[in-house]
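# Survey of secondary and tertiary structure
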Amino acid sequence: PKVSHHLRAQHTDTACAFCGAWSSLCCQVSQGMELSTKLPADAAAGSAAQLVVGSVDVNQGAVLPAEELVGRQPQEAQAQRRAYLSNVCVAQGARRQGIAAALMAAAEQAAAELGVKHMYVHVVHDNTAAQQLYSSMGYEQETEEMQSFAHALRRPRRLLLHKQLRS
């Protein structure tokens, strides 16, 4: 199953549902944001318009579909014990404020509740900002893609990072 976590901070000065922080972030970020990142108000639920400032997907299973660079843990055949983070993204105006870390922590917690013990994430080899984030959260390099393979697929070489989740 695929579990998606999307951090939504309300456009008004209301705290984030995940961490309680960033109370006025939306007002700071809203300038220059595309309309596709704004969620409409829901009058029935009594909620104001919201601005999506980041998202992350969690895919539980032994491999990601159409992915050659796969994790090695756990060594026993327990696909439900492995998951992959993907599409970790934060709007440019909201970066460097802890949002990606909060999203990843929430995704890791949700995955752990589903029985995942080993989390993986792919990162482009020269994306040092992302590598620093993942390293600060306990991810370590497990393997890397060969340059010739990446070149044949016309994409940058990637690393596969691993973190063992705590129960």
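Residues numbered from 1 in each chain as written. Predicted model: local features only at pLDDT ≥ 70, side-chain atom pairs only at ≥ 80, totals over all residues. Heavy atoms only, no water.

### Regarding the overall build of the protein
On a plain count of helices and strands, the protein comes out with 4 helices and 7 strands. Along its sequence from the N terminus, the protein presents helices and strands in the succession β-α-β-β-β-α-β-α-β-α-β. The 167 residues of the protein split such that 41% are buried. Within the protein, contacts between residues separated by at least 24 positions form 65% of all contacts whose residues are at least 6 apart in sequence. Accessible surface computed for the protein: about 9400 Å², of which carbon and sulfur atoms make up 50%. (Helix = DSSP H or I, 4+ residues; strand = E, 2+ residues; numbered from the N terminus. Buried < 20%, exposed > 50% of the residue type's maximum accessible area, 1.4 Å probe, protein only. Contact = heavy atoms within 4.5 Å. Areas by Shrake-Rupley, 256 points an atom, 1.4 Å probe, with all protein chains shown as cover.)

### Quick look at unusual backbone geometry
The bulk of non-glycine residues show a negative phi, and the bulk of peptide bonds are trans. For Asn87, which is not glycine, the phi dihedral falls at a positive 55°. Structurally, Asn87 can be placed in strand 4 (residues 82-90). Its identity is not glycine, yet Arg154 carries a phi of approximately 60°, on the positive side. Take Arg154: it is sitting in the loop between helix 4 (147-152) and strand 7 (158-164). Taking the relative accessible area as the measure of exposure, Arg154 reaches 79% and is therefore exposed.

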